[in-house]
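# An overview of the molecular structure
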Amino acid sequence: AQFRRYLVQWKVFLLRRAMAPDVDCDKLLFFVNGTKIVEKNADPEMTLLTYLRRKLGLTGTKLGCAEGGCGACTVMVSTFHPHMNKIVHYSVNACLAPICSLHHCAVTTVEGIGSVTTKLHPVQERIAKAHGSQCGFCTPGIVMSMYSLLRNNPKPTMQEIEEAFQGNLCRCTGYRPILEGYKTFAKDAGCCGRRGNEAGCCMSNDQEIDGDLSMKLFDPSEFTPLDQTQDFIFPPELLLLDKGACKQLRFKGERVLWIQPSNLTELLDLKSQHPTAKLVVGNTEVGIEIKFKNMLYPVILAPGYISELNTVQYTEGGIIFGAACSLTLIREELRKAMSELPPHQTQVFQAVLEQLQWFAGQQIRNVAAVGGNIMTASPISDLNPVFMAAGCLLTLLSKGGKRVVKIDDKFFTGYRKTAIKPEEILLSIEIPYTRKGQYFSAYKQAPRREDDIAIVTCGMNIVFKEGTTIVEELHLSYGGMAATTVLAQNTSKQLIGREWDEALLQKACSSLAKEMDLDPSAPGGLVPYRRTLALSLFFKFYLTVKRKVAQDLNVQGIHAEDIRDDYASATELFHKDFPSSVQLFQDIPKGQLKQDVVGRPLMHLSALKQATGEAVYCDDIPRYENELYLALVTSTKAHAEILSIDIKETMAVPGVVSFLSAENIPGSNMTGPAVYDETVFAEDKVTCVGHIIGAIVADTKAHAQRAARAVKISYKELKPIITIQEAIESQSFYEPIRKLERGNLRQGFKESDHIIEGEMHIGGQEHFYMETHCSLAVPKREDGEMELFVSTQSASKTQQLVAKALGVPSNRIVCRVKRMGGGFGGKETRSTLLSTVVAIAAHKTGRPVRCMLDRDEDMLITGGRHPFLGRYKVGFMKTGRVVALELTLYSNAGNSMDLSLSIMERALFHMENCYNIPHIGGTGYMCKTNLPCNTAFRGFGGPQGMMVAECWMTDVAMKCCLPADQVRKLNIYKEGDVTPFNQKLEQFTIAQCWEECLLTSQYHQRRKDIEEFNRQNRWTKRGISIIPTKFGISFTAKFLNQAGALVHVYTDGSVLLTHGGTEMGQGLHTKMIQVASRVLGIPICKILISETSTNTVPNTSPTAASVSSDLNAMAIYNACEKLLKRLEPYQSSNPKGCWEDWVKAAYFDRVSLSATGFYKTPDLGYDFEKNEGRPFHYFSYGVACSEVEIDCLTGDHKNLCTTIVMDVGISLNPAIDIGQVEGAFMQGVGLFTLEELRYSPEGVLYTRGPGMYKIPGFGDIPTKLRVSLLRDAPNAKAIYSSKAVGEPPLFLAASVFYAIKDAIAAARAESGLTGPFPLDSPASPDRVRNACVDDFTSLCPPAKPGTFTPWAVEV
């Protein structure tokens, strides 16, 4: 059968070759890191990223998303620009750059600028030493963004540095340390190093620092200065070639012909021959279509080097830009024009610049062409509404001649369609000047300010009759309000000839509400919000114009009414200052040995390797000679029976070796981390979109994925259950239903002065670890052995489930983990989905098999944080003292149990947060739905339980008309109090954290300042909130609270350390080496942790629950103590000797220099049925105070200031612990204010990548951030008095959410609304805007539920 398949493939290949046109292919010539590359068989479908990693073995450049949204693949491209007559350097996304687009270019990757084996570049050194690299997967991309900036501007401003990172994401660090390290390059950094420069000193407004506290996490004076003479020069050979005559280039791949015409005439001829051919300059749109929409364009024309398409020409009417001009070039030219021309001429330029400020990331702007943006005809384009409102002119060209068209209401003819004919090309666009009496504004509203797709965008253009406020012309253009960019023509007509006054405003809003109507089921959803935005943005325009007109006419001596002072902030464009920060921690005790690094802010021991791209991740492992690649075949239905699977077309794809399904499993198809309620491959039925049905194994990733898409599956659809509400209605729950009670609820409610009821929905969250799931399985030739390299937090569980699927004992399987590019709980159990399938493929083929999921696959398949619904009934006194709480929690578990029971248990354990409630009862239901099963995520249910607690606590404060901080403090536990699960609180430090946070945040003064600000501003409001957290430390499953270690001492004195924990960026290995160094009394340079593996430390617990440092450090301590005891006689006999002397003496005396260590947490074990026992070893505590500012008209918010006080005991490593606090906090900011998974009513996930799913970016960190580690708080229950830190700080981001809610309350008060109100999480712009009820929201009411099918549902 296999021979027949190969025969079919060979025949197909011969047929295609016979049918293929006879095309002579050119050689592709470019340079990489100074080395000349001549590629004879350049494939137009291959990206630069694939070429670097697979053909050149340069694995420092990472695959993070494949859509140019995360920046992990950033490299620098240098080229001679003939039209500018200079060499230009710019950052690009290698995942989108076609290799064929790099002819005569020089590429610089992270490996090319420095190495740990030779010399580091200052950019690499500073991010590492400033603690800006944790998991390290994003680090090379951030390094190259900064490097590219410095190549163009060795002394950048702080703003330029922040803009350079708009296209880069980091999930670990919280961004602050990256900016801290890189602001040392800035010419306006403003940091005096505490030398007395008060104007720019970050310490000028802070209290005095006590003697035993330190702020110094790194020393900038140790940094190597920037020396650009050491950088690669542009290859002289390319300079000579680029100045020579151009010729047409052709590159032919399996399916695509790439043609680069040398001049305009050639281009027109080619376009006439191939009218459907795509013109590609930056590939920022076509690349997405090919990758994610499975589009195939057999002919691609690349006109980027044609001079006429790159010209910039100033005319009497405006500036003409060639269609191939990049957005970066346009930005530079418009800035130059604005500096030279009078302001009244450049209003459109200013609007374009405002849109470009937030257009994608720098890497995209560097290559994206303005013509591509227009031709894409996206209905949510940032620029097209501006061009339409301005009436920009386009010059079109074909062999038949030239014509000029205006971008008006007739230009966009349908969804992603224009009036341009197939044979025509866009030659140029003219952006016009404005004149006196003309005013122009542009607005964009998106979930995230930086690098995000618009929800609504608009351009607004008005001309007044000279010397008056009477409207002569008005053009209002909107994106996001229809299938095309549209003009609000009816509204504009009604306003012509009217005074620009309140009456006009009322008329305009009433008319816009009707004209900018949307079907309730419109794609994109958020219909009431989008309709309200159309009005709100016009109101902003109205105020802006009214103020400008008043100023201009008053200068002329003509009186014109200005806007109200309290309305002025609505006219301000979004602006955010460069962030500043302070980090405080207790210094090491005086007299501590220099060699003893415990308690010191030691750099992550892999940070330098990560900054140079030399750190090896799973997919960086070099290819085996006969290796195959695997691609998954997944369900497109949420609930259905499988009728048939057709693989005929699949097996005809070149390179395909095999198709795998349930029948190919040699062992058991049943799998699961806790109970075996899942299948490796679906058999008769699928229970979610993304359910794995089969897999394709082929010679390359491209072939495997193409073949997987060709599999045809027939289904019989069944009714799915998608949402929590649907599960409640259907009573679809997993067993058991957990209950936790204390006191007497009936009595408590009877004693209460007030009783309120409410509910809160908390959305799910995608892990978005930068490195997606990856597995490599290498079969051995003997005894069914197999070696697995996996990006997993649970090596032993991987080993166990692979052995089960293969039908072999666990001792035949070795699982190895070097490091992960982030985990956050997402790789605790769900990694086994992929590793098991890959192992089966390797078993069947007898060859190594690899698979790294693409971002869209990973997000679709692997689940995330559980969405929760909390329904509460709370009884309280007039003073705000809470007496009784009845709580019901529902989690959306998905299509299998996974860890949902433990997650629900932890949610119940944290349902009261830090508050002592005498009468309390909680019930938890796990909803069985047809979504991919949700799983562990940093916090593990705790944040959801605590979030609901803070919701009802806020309601209580509002109902009692008391300050929220006063009500919270009144209810906080005290030392010795008992929790609802009957655990006594010991070493309870919340009171210290609370008081320190109040003091250092200047809470009460800021509250007064906020009240004054809110009195002075109607449409901008500020809010503040202080929130505590109490997080239990231990696995709630008792058996998991154990760890092992293995320590080898070699005769040269070097130490190899292995333990059961895995490194995912949290600095676990670094801390473990610090502990071993102290115990053994040797420097850390003598100790190495190579990897985690099941053949060194068996039966390991997952690296999770924040306990890995506690457990593994104690196991290491145990092992090292054994070794010290063995070495003690040799130390005693040779006290003047050194470590190496004692080791050698022991070896020659035949003493074992290898020891195992073990530790189990004492006194644990809880019984839910009896409500007795101890579920936690101890608790970690923290308090955060945050201040925000919201735009009541758009729902935008700015994080102004956050102060965090965190109890981590005596820190093992303050740099790592502060990094964990800040990283967790920013992940919480995403959870509570930004990140939103959006599903269709049929259970299809829309948000499958950074394009639609937004994690916080560099611009989302608080403008002022202060993090303090609580001093003098030793913890007697963990190694060296330390405490767990990974998960506890995440919930402190709720302070941002409740500060937003505080600001909304101030906005609602303006409309006469007081008292409790609902606000679900995340506090996204649409929820914030809709909660700020006003006249605009009343004009755009939501459709009645049940009268339409929503585009997305709240799961």
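First things first, this report covers the structure right here in the doc. Sequence positions are assigned chain by chain, starting from 1 and proceeding in written order. Local features in a predicted model are, by the rule used here, given only for residues with pLDDT of at least 70; side-chain atom pairs are given and counted only at 80 or more, and totals for whole chains, interfaces and linings are based on all residues. Excluded from the side-chain calculations are hydrogens and water; all other atoms, namely the structure's heavy atoms, are used.

### Details of the overall build of the protein
Our working rule: Helix and strand definitions here come from DSSP, where helices need a minimum of 4 consecutive H or I residues and strands a minimum of 2 consecutive E residues; each element is numbered from the N-terminal end. To get the radius of gyration, use the C-alpha atoms; to get the globule rule, take the number of residues to the power 0.38 and multiply by 2.2 Å. Values of accessible area rely on a 1.4 Å probe in the Shrake-Rupley scheme; residue burial ignores everything except the protein chains shown. Residues scored as charged are limited to Lys and Arg (positive) and Asp and Glu (negative), so that His and the chain ends carry no count. Charge positions come from single atoms, namely NZ of Lys, CZ of Arg, CG of Asp or CD of Glu.
Looking only at helices and strands, the protein has 38 helices and 50 strands in total. Expected size for 1355 residues packed as a compact globule is a radius of gyration near 34 Å; at 31 Å, the protein falls within 12% of this value. A total accessible area of about 49,700 Å² is found for the protein, and carbon and sulfur atoms account for 51% of it. Side chains of the protein give 145 positive and 145 negative charges; the mean places of these two sets differ by 3 Å.

### Digging into helix α28 (residues 942-960)
Applied cut-off: Any helix carries an expected span of 1.5 Å times its number of residues minus one. Each residue's exposure class comes from its accessible area (1.4 Å probe, protein chains only) as a fraction of the maximum for that residue type: buried when under 20%, exposed when over 50%, partly exposed otherwise.
Its 19 residues place the ends of α28 27 Å apart at the C-alpha level, agreeing with the 27 Å of an ideal helix rising 1.5 Å per residue. Counting buried positions along α28 gives 18 out of 19 residues, so the element sits mostly inside the fold. Two residues or fewer past α28, C961 is found with a positive phi of approximately 55°.

### So, the environment of M1206
By the secondary structure assignment, M1206 is in strand β49 (residues 1197-1207). Considered as a pair, M1206 and S1180 are 26 residues apart in the sequence and their alpha carbons are 8.2 Å apart.

### Things to note about the pattern of salt bridges
For clarity, the cut-off: Criterion for a salt bridge: a side-chain nitrogen of Lys or Arg within 4 Å of a carboxyl oxygen of Asp or Glu.
This structure, assessed with the given rule, holds 64 salt bridges. Residues joined by salt bridges that share partners form a network here, namely R53, R54, K62, D619, D620, R623, E627 and R850.

### Looking at the sheet that holds strand β4 (residues 86-93)
Selection rule: Strands are labelled as partners when DSSP assigns at least two bridges between them. Inter-axis angles, ranging from 0 to 180 degrees, are taken between N-to-C directions of lines fitted to C-alpha atoms, where helices are fitted over the stretch in contact.
Strands sit in the order β2-β1-β5-β3-β4 across an open sheet of five strands; the sheet is mixed. Edge positions in the sheet fall to β2 (35-39) and β4, since each has one partner strand and no second. Averaged over neighbouring strand pairs, the angle between their axes works out to 30° when direction is ignored. As paired strands, strand β1 (residues 28-32) and strand β5 (residues 106-108) are joined by two bridges and run parallel to one another. For V32, the partnering residue across the bridge sits in β5 and is V107.

### Considering the nonpolar core
In a soluble, globular protein the nonpolar side chains are often hidden away together inside. Our working definition: Definition used in this section: a nonpolar core is a set of buried Ala, Val, Leu, Ile, Met, Phe, Trp, Tyr and Cys residues joined via side-chain atoms within 4.5 Å. Whether two residues are in contact is decided by their heavy atoms, any of which lying within 4.5 Å being enough.
With 326 residues, the main nonpolar core has Y182, Y478, F538, L630 and W952 as its most contacted residues. Counting residues per element, this core draws most heavily on helix α18 (residues 527-555), at 15 residues. Residue contacts for W952: discarding those within four places in its chain leaves Y872, V874, V882, L885, M911, E912, Y915 and I917. Judged by nonpolar contacts, the second largest core, of 97 residues, contains L96, C325, A337 and L396.

### Quick notes on the packing of aromatic side chains
The geometry of an aromatic ring pair comes down to the distance between the two centres and the angle between the two planes. Test applied: Within 6.5 Å between ring centres, the rings of Phe, Tyr and Trp (the latter by its six-membered ring) count as paired, and their orientation is classed by plane angle as stacked under 30 degrees, edge-to-face over 60, tilted in between. Note on geometry: a ring has a charge over it if NZ (lysine) or CZ (arginine) is within 6 Å of the ring centre and within 35 degrees of the ring normal.
The final tally for this structure, using the stated rule, is 43 aromatic pairs. Ring geometry for F909 against F1176: centres 5.3 Å apart, planes inclined by 75°, an arrangement best described as edge-to-face. Residue F909 is located in helix α27 (residues 900-909), and its partner F1176 is located in the loop between β47 (1172-1174) and β48 (1178-1191); the two are separated by 267 residues in the primary sequence. You can call F909 buried: its relative accessible area is 1%. A ring pair is formed by Y1147 and F1148, whose centres lie 5.4 Å apart and whose planes are at 65°; its orientation type is edge-to-face. An aromatic cluster of at least three residues, connected via ring pairs, comprises Y439, F464, W500, F538, F539, F541, Y542, Y567, W1019 and F1336. A cation over a ring is seen here: K873 above F749, with NZ or CZ 4.5 Å from the ring centre. One Lys or Arg, K1301, reaches over the ring of F1317 and ends 5.2 Å from the middle of that ring.

### Here's the deal with the sheet that holds strand β38 (residues 882-894)
Strands in a sheet are paired, the pairing made by backbone hydrogen bonds, and the direction either parallel or antiparallel. Strand order in the open sheet formed by five strands is β31-β39-β38-β37-β32, and the pairing between neighbours is mixed. Each edge of the open sheet carries a strand with a single partner, namely β31 (733-742) and β32 (754-762). For this sheet the average axis-to-axis angle between neighbouring strands, irrespective of direction, equals 10°. Sheet topology places β31 next to strand β39 (residues 919-928); seven bridges connect them, and they run antiparallel. Across the sheet, residue L740 finds its bridge partner in β39, namely G922. In the packing of α28 onto the sheet, contacts are made with β32, β37 (868-876) and β38, and the angle to β37 comes to roughly 40°.

### Let's talk about the pairing of strand β8 (residues 257-260)
Of the two faces of β8, both are covered, the one formed by L257 and I259 as well as the one formed by W258 and Q260. In terms of strand pairing, strand β7 (residues 249-252) meets β8 through four bridges, oriented antiparallel. What sits directly across from F251, in β8, is W258.

### Quick look at helix α24 (residues 795-806)
Side chains that are three or four residues apart share a direction in an α-helix, a result of its 3.6 residues per turn. In this model α24 runs 16 Å from its N-terminal to its C-terminal C-alpha over twelve residues, within 8% of the 16 Å that 1.5 Å per residue would give. With ten of twelve residues buried, α24 lies mostly within the body of the structure. Residues A795, S796, K797, T798, Q799, L801, V802, A803, A805 and L806 constitute the buried set of α24. Turning to α24, the residues buried within the fold contact β26 (670-671), β34 (786-790), β35 (813-817) and α25 (831-845). Trailing α24 by a residue or two, G807 shows a phi angle of about 75°, which is positive.

### Concerning the packing of helix α35 (residues 1214-1233) against helix α36 (residues 1294-1310)
For the record, the criterion: Under this scheme an angle from 65 to 115 degrees is roughly perpendicular, one under 35 degrees roughly parallel, and one over 145 degrees roughly antiparallel; angles in between are oblique. In this classification, the charged set is Asp, Glu, Lys and Arg, the nonpolar set is Ala, Val, Leu, Ile, Met, Phe, Trp, Tyr, Cys and Pro, and all remaining amino acids, among them Gly, are polar.
With their axes 8 Å apart at the nearest point, α35 and α36 run at an angle of 40° to one another. Between α35 and α36, the crossing angle belongs to the class labelled oblique. For the pair formed by α35 and α36, the contact residues are F1225, V1229, F1232 and T1233 on the first element and A1294, S1295, V1296, F1297 and I1300 on the second. A breakdown of the residues in the contact of α35 with α36 according to their chemical character gives seven nonpolar, two polar and no charged.

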